[in-house]
Structure formats: structure tokens, C-alpha cells
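Now for the letters of each chain:
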Amino acid sequence: MRSLRIGTAQFEARDGDKDYNFSRIAALSRQAVEDKADLVCFHECSIPGYTFLENLSHSDTEALAEPVPDGPSVDRLIELSRDLDVALGAGLVEQADGQLYNTYVVVSPDGFVAKHRKIHAFISEHVSCGDSYTVFELLGARFGLLICYDVNLPENVRLTAMMGAEIVLMPHVTGCLPSPMPGRGKVAPEVWRNRDTDPVTCRQEFDGPKGRGWLMRWLPARAYENGVYAVYSNPIGVEGDTIKPGGSMVLDPFGEVLAECRKLGDEVVVATCDPAKLAVAPGGA
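Starting afresh in each chain, residues are numbered from 1 along the sequence in its written order. Confidence filtering applies because this is a predicted model: local features only for residues at pLDDT of at least 70, side-chain atom pairs given and counted only at 80 or more, and all residues used for totals across whole chains, interfaces and linings. Only hydrogens and water are removed before side-chain values are computed, so all heavy atoms of the structure are retained for them.

Novice: Where do I start with unusual backbone geometry in this structure?
Specialist: It is generally the case that most residues other than glycine have a negative phi and that most peptide bonds are trans. In this structure, Pro69 follows Val68 across a cis peptide bond, with omega equal to 15°. Note that Pro69 resides in the loop between α2 (58–64) and α3 (72–84). With a phi angle near 50°, Cys45 is a residue other than glycine that sits in the positive phi range. For Ile123, which is not a glycine, the phi torsion comes out positive at approximately 65°. Comment: elements are numbered from the N terminus, with helices defined as DSSP H or I runs of at least four residues and strands as E runs of at least two. Secondary-structure assignment places Ile123 in the loop between β5 (111–117) and β6 (134–138). Only protein chains enter the accessibility calculation, which uses a 1.4 Å probe; a residue is then buried when its area is under 20% of its type maximum, exposed when over 50%, and partly exposed in between. Residue classification places Ile123 among the partly exposed residues on the basis of a relative accessible area of 22%.

Novice: What is the right way to look at α3 in this model?
Specialist: Counting along an α-helix, one turn takes 3.6 residues, and residues three or four places apart therefore face a common direction. An ideal rise of 1.5 Å per residue puts 18 Å on 13 residues; α3 measures up with 18 Å between its terminal C-alpha atoms. Residues of α3 that are buried: Ser73, Val74, Leu77, Ile78, Leu80, Ser81 and Leu84. Looking straight down α3, one finds its buried side chains confined to an arc of 160°; they lie on one side. Residues of α3 that are exposed and point more than 90 degrees away from the buried face comprise Pro72, Glu79, Arg82 and Asp83. In this description, contact between two residues means that some pair of their heavy atoms is separated by no more than 4.5 Å. Buried positions along α3 lie against α1 (18–34), β3 (87–96), β4 (99–108) and β5. Just past α3, the residue Asp85 takes up positive phi, approximately 55°. One less than the number of residues in a helix, times 1.5 Å, gives the span that helix is expected to have. Each C-beta atom gives one direction from the helix axis, and the arc is the one those directions make.

Novice: Honestly, the sheet that holds strand β9 (residues 229–233) in this entry has me stumped. Any pointers?
Specialist: Paired through their backbone hydrogen bonds, the strands of a sheet run either parallel or antiparallel. Strands are treated as partners if at least two bridges between them are detected by DSSP. Here six strands make up an open sheet; going across it, the order is β6-β7-β8-β9-β12-β13 and the pairing mixed. The sheet is open, and its two borders are formed by β6 and β13 (257–260), each paired with just one other strand. Here the strands of the sheet are splayed against their neighbours by 20° on average, with no regard to which way each runs. In this structure, β9 lies alongside strand β12 (residues 249–251), joined through three bridges in antiparallel fashion. Opposite Ala230, over in β12, you have Leu251 as the bridge partner. Helix axes are fitted to C-alpha atoms over the stretch in contact, other axes to C-alpha atoms as well, and angles between N-to-C directions run from 0 to 180 degrees. This element, helix α8 (residues 212–226), spans β8 (167–171), β9, β12 and β13 of the sheet and lies at about 35° to β12.

As C-alpha cells, then:
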């Protein structure tokens, strides 16, 4: 692996509005390129939106779905990648062989690179689970790909690392959900609406056990215990009927945060992934 600049973004997606969501992907990617990013990552189902899928019929979900890699959104992502000369990762609903999948796609200026179908799919009874791990070569490095709950189970990250991954992309839509864990739960919509006049309350909710406090219990461990770089992406703001805390970040193989989105709004950050750390990290397969 060579030294790489990896970007990860957060933005407030609009349900079912692919054009708007793609406009945010394009704008944030341009910002990351100005910061010398080699790859920019966005959250799961960042192109169509995610949480609202739980209320859609099979036909409505199917209407959002596209083939991969031969669909219009992948073509559009490749065009943007070529225009900006940067690799990109984004999520969508895939249609293949009569099934629907929560799929994440990585492209480069040379075209389609890889896709991963979420192994532990939920949110919609119409979306099927993937059945394989994903490791691929790009930019002189070995990347792994796992989507949201795939990462919550340590065995999935371990197996991906054992397959040779040095950097694991971890697109999510998570946080601020009901849970039996003390202190967790939803964030009230008015907290997000009032973020400009009362940013302290919003930041306290996002940073506490509903959001970052819960995330930091396990996300750094996934990087540390496997000796890999972890690239976490998550939306911010209204997501279906929930509020999401953002917090997209890049972690090194020691579990240390290299860069993190902290704005109460759309943002992208970029961090350098140094191969020297992989050789001395305490974890690793």
C-alpha cells in the first residue's frame, strides 16, 4: 500500500430524490479533491435515501432500484469520478436476478471497480441479504467493504481483514435509534430544526450515548483489533422519520481518529492513510 488521502462525507439526503442527493455527492467530492483526496466515500443508500425504504411497497422499492454496474447512477458516478479525477464510493438499491439489494459501489476514473451487497440487510422486507465478503484492489491498496450492521459483528471485519484488506470502507446509516442500552434513543426533530439557534443541545445529543458515545464503544475496536484503516460514513439530519448524527470519520489501525466531520450540516474531511502504521499496528490478520 502507498500513502493515500481518503475522504469521508456526511450530508442530509432527501428521500427518493436521486438528483438532489447526487448534487450533494458532487459538491462534497469537489471539496475533497481540493484537499487532495484520492477516494471520497458516502453513506449507505446515499443516492436514493435509506430509512424511508421501510415504508415502501415492493413495487415502489423496485422502482428505485437499478442494475449494477450497468445502471444510470453508476454511469453518473463514473462520469463524476472522471471529471474530478478521484475514486468515489456511494450506495444505492440494486436490482439483480429478481432480487433487490442494499449495495455499495466503488468507481474510479477508469470505470466500475467493485460492489458489496449488505450481508445483514433489514429496514425492508423487500431487500435481500448479500452472501459474500468484498475485497478489491484500488490505488495501490487492498480495500474491504462492509455496510452498516455488517460492521457491528466483529467476525465480518475480521474475515475481511483476513482476506487481505488494509483499508475497510464502512458506509452506515446509524445512530439515534431506540435501544435497551441506557441513554440511547431518538433525537427529537426540533433539536435538529433549532440547531442554528441552539447548537449546544444538538451537539450534546449527537455526542452523547445516542450518537458518538455509542459509536466510540466499538468502531475504534474494529480498526484496532484488525490492524486496518476504517473509513466510516454516516448521514446527518433528517433521515426518513429519524435524525442522524453524522460524525463520518477516518480511523487508523490503532483506533485513533485521524479526521472527523463535526459540523451540524453537510461536510467532508480528508485524512492521510500511511502504510507505515499497518506494519506496526497491534491488531492485524
